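Analysis of the macromolecular model
Below are the chains, spelled out letter by letter.
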Amino acid sequence: MGQDRGPAPARVSRRGFVRGMAGGAAGLVLLGAGPLPGGDPPLPPNLPDGLFSLGVASGDPVPDGVVLWTRLAPDPLNGGGMPAVDVPVRWQVAHEDGFRSVVAEGTAVASAALAHSVHVDVRGLRPGAWYHYRFIVGDQASPVARTRTTPRPTSRAGLRFLVASCQNWKDGFWSAWAHAAAEDPDLVVHLGDYIYEGGQGGAGIVRDHNSPEVATLDAYRNRWGLYKSDPALQAAHAVCPWVVTWDDHEVENNYAGLVPQVEAEAPGFPARRAAAYQAWWEHQPVRLGRPTGPDLRIHRTIDWGALARFHVLDTRQYRSNQGCGTEDLGEDCPDRTDPTTTMLGPEQEAWLGQSLASSPATWDVLANQVVMTAMPLAETFFNHDQWDGYSAARERLFAQLRAAQANAVVVTGDIHAAGVADLIGDDLSGAPVGTELVGSSISSRFDPATADVAELLIAGLEHVDYVNVRQRGYLRCDANPATLTAAFRLVDTVATPTSSITTASTWAIRAGTPGAQLA
Ligand code: FE
Ligand code: CA
């Protein structure tokens, strides 16, 4: 390939480029194009077919690079199916899908200790450029996928990003992902509930889980194997880089910090959280060091030129225990407004204040999980799992948004509903500090028994512009320096593998003016 490498950064030799990455983010295990000290691990003989059954992915783009991901798993529902040895994996990045002009390549190690997952932090790419990539092991090649870098830091070129969350396998098929793949997005932002930890069976399920509720590393990995095997999901990963965070179901419903849903299970919960976080890391294209216990910092900033800064939040790992009882929905109580409670934890709170204050971007997009705007139902009931249950923490965040004079757009998952609202706190008559877009769910259902009353009560709030709890889908956002336009793309049904999709409504947010108008 010597003279055939196209417009690679000429000043860096391929080997030097690859070696240069080895000092990057801790835990991204990288080998040079030449042998490591001690040598590449040998290619094991007789590897099974179907090494790339979980597809490929890319994520956390920067102006000069992106993280490439795969996991070797010929038998993903049963421990992966790989021999218990490390395996060398070639990777290649090219301008076109024929790989005639390879601009970067190298060898990474798929470590048996990390479920033969591979994370490659490719650097030396051009800003604002599209690439193709693939992985190769022996005579097996992965699917070819597209990815891109972010624009140069001063660019305000337009951006199309999709927002998605909540893909309960049992609740339905993911035709939304097949449609998402056809939207030509620059970026997909996933707000969590990528997997659900629950067991099998139950009323009204569309397809079943592969096991009882998962709580061990092996069981979480097999659950990830099930979810990642979906062809529509793989297709959506193959069209652009993703930025992912997590919600509760990657570990357990409604956990708060180190407090599990069933408090009697607290002694074993750090080990469970460690297993769940490791399995998450093994399956996501993130530029994060590998987890080594129950803690994993995932809050981070992704800049899209000077147009948008994504503040990626984690509202589960550090939150105080829910104050007003263990149910989601309950009456108001003094703990709801206790100033000592936290949603983000002190370190993440300080980081967010800095990330907002230093933002060069027109749009500050908060990749959030639970609904942030005030949502009193029948005046006295609150969902205490949401920011409403952490009212003082919300006021501190709003103060940060005001201080930064941010064009704040909060994108939210968790609740399996589509919605648009002014971002407002307990003072319902106060001025909004931004706009909240709640992005529906890929497949997770909203309890049909409460759909009517929920829509009635939520739509009755003056600062809520739109609510739809009945359809599944995602949000398509087009941002430019003047306007962020958000279209709710909702499928007709998740009961069948394919479905048509419609734009249920479209909203425009003008820079400098909180709130959305029907477009
Ligand atoms: Fe969910
Ligand atoms: Ca929950």
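Quick caveat: nothing in here was measured; it's all calculated off a predicted structure. (Residues numbered from 1 in each chain as written. Chains lettered and ligands numbered in written order. Predicted model: local features only at pLDDT ≥ 70, side-chain atom pairs only at ≥ 80, totals over all residues. Heavy atoms only, no water.)

Taking burial as the measure, the five residues of strand β14 (residues 308-312) include five buried ones, the bulk of the element. Of the two faces of β14, the one lined by A308, F310 and V312 and the one lined by R309 and H311 are each fully buried. Relative to β14, strand β13 (residues 300-304) runs antiparallel, the two sharing five bridges. Looking across to β14, one finds that D303 is bridged to R309. (Buried < 20%, exposed > 50% of the residue type's maximum accessible area, 1.4 Å probe, protein only. Helix = DSSP H or I, 4+ residues; strand = E, 2+ residues; numbered from the N terminus. Pairing = 2+ DSSP bridges.)

Glancing now at the coordination of the iron ion (ligand 1). Here the iron ion (ligand 1) is held by the protein donor atoms C166 (SG), D193 (OD), Y196 (OH) and H416 (NE2), which lie 2.0 to 2.6 Å from it. With four donor atoms in place around the iron ion (ligand 1) and angles of 86 to 173° between them, the coordination shape is irregular. Spacing between the donor residues of the iron ion (ligand 1) along their common chain follows C-x26-D-x2-Y-x219-H. Linking C166 in the loop between β10 (159-164) and α2 (175-181) with H416 in the loop between β18 (408-412) and β19 (418-422), this pair joins segments that are 250 residues apart in sequence. Here C166 and H416 have matching classes, each one buried. (Donors = N, O, S within 2.8 Å, 3.2 Å for Na, K, Ca; no water. Tetrahedral: all angles 85-135°; square planar, octahedral: opposite > 155°, others 65-115°.)

Right, let's talk about the coordination of the calcium ion (ligand 2) for a bit. For the calcium ion (ligand 2), every protein donor is listed as D248 (OD), N253 (OD1) and N254 (OD1), and the spread of their distances is 2.2 to 2.4 Å. Mapping the donors of the calcium ion (ligand 2) onto the primary sequence gives the spacing D-x4-N-N. Classification of D248 as buried rests on a relative accessible area of 1%.

Below, the discussion takes up the state of the cysteines. Throughout the structure, instances matching the rule amount to one disulfide. You can see C240 has no disulfide; the closest cysteine sulfur is in C477, sitting 13 Å from it. A relative accessible area of 0% places C240 in the buried class. (Disulfide = S-S within 2.5 Å.)

This part is about the domain arrangement of the protein chain. When its domains are assigned, the protein chain resolves into domain 1 (1-152 + 218-241 + 272-285) and domain 2 (163-194 + 246-258 + 299-518). When each unit is reduced to the centre of its C-alpha atoms, the spacing between domain 1 and domain 2 is 31 Å. Carbon and sulfur atoms supply 65% of the area buried between domain 1 and domain 2, which totals about 2600 Å² over both sides. When the buried area of domain 1 at its contact with domain 2 is split by residue, Y227, R273 and Y277 rank highest and sum to 25% of it. Linking domain 1 with domain 2 are four salt bridges, by the criterion used here. Where domain 1 meets domain 2, there are 11 residue pairs in polar contact (both at pLDDT 80 or more). Taken together, the elements giving at least two residues each to the side of domain 1 that touches domain 2 come down to β2 (56-62), β9 (145-148), α3 (217-228), α4 (231-237) and α5 (269-283). (Domains from an automatic or database assignment. Buried area = accessible area lost by both parts, 1.4 Å probe. Salt bridge = Lys/Arg side-chain N within 4 Å of Asp/Glu carboxyl O. Polar contact = N/O pair within 3.5 Å; in protein donor to acceptor, adjacent residues only side chain to side chain.)

To continue, consider unusual backbone geometry. Phi at D193 is positive, roughly 60°, even though this residue is not glycine. If you trace the backbone, D193 turns up in the loop between β11 (187-190) and α3. The phi dihedral of A378 is positive, around 50°, even though this residue is not glycine. Structurally, the position occupied by A378 is in the loop between β16 (363-367) and β17 (381-383).

A few words on empty space enclosed by the protein. Applying the stated criterion across every chain yields a total of four cavities of 30 Å³ or more. Looking at the largest cavity, its volume works out to about 120 Å³. Listing elements by their share of the lining of the largest cavity, those giving two or more residues are β19, β20 (434-439) and β21 (464-468). Ranked by residues supplied to the lining of the largest cavity, first place goes to β19 with four residues. Of the residues assigned to the lining of the largest cavity, the class counts are 12 nonpolar, two polar and one charged. (1 Å grid on protein atoms, 1.4 Å probe; cavity = no way out; pocket = protein on both sides within 12 Å on 5 of 7 lines; lining within 4 Å. Points joined across faces, edges and corners; volume = space filled by probe spheres on them. Nonpolar A, V, L, I, M, F, W, Y, C, P; charged D, E, K, R; others polar.)

The tally for this structure, following the rule as stated, stands at 13 aromatic pairs. Look at W246 and Y277: their rings are 4.0 Å apart centre to centre, the planes differ by 20°, and that puts the pair in the stacked class. Taken together, the residues W246 in the loop between β12 (242-244) and α5 and Y277 in helix α5 connect sequence positions 31 residues apart. Looking at W246, the relative accessible area reads 1%, which means it is buried. With a relative accessible area of 0%, Y277 lands in the buried category. Through successive ring pairs, a cluster of aromatic residues spans W177, Y194, W224 and W242. The ring of F99 carries R134 above its face, with NZ or CZ at 3.9 Å from the centroid. (Phe/Tyr/Trp six-rings, centres within 6.5 Å; stacked < 30°, edge-to-face > 60°. Lys NZ or Arg CZ within 6 Å of the ring centre and 35° of its normal.)

Moving on: the sheet that holds β16. Here seven strands make up an open sheet; going across it, the order is β13-β14-β16-β18-β20-β19-β21 and the pairing mixed. Every other strand in the sheet has two partners, leaving β13 and β21 as the edge strands with one partner each. Averaged over all neighbouring strand pairs, the angle between strand axes comes to 15°, with direction disregarded. Pairing analysis gives five bridges linking β19 to β20, with the strands arranged antiparallel. The partner of G419 across the bridge, within β20, is V438. Along the sheet, helix α6 (residues 345-357) contacts β13, β14 and β16; its crossing angle with β14, the most-contacted strand, is approximately 180°. (Axes fitted to C-alpha atoms, helices over the stretch in contact; angles between N-to-C directions. Contact = heavy atoms within 4.5 Å.)

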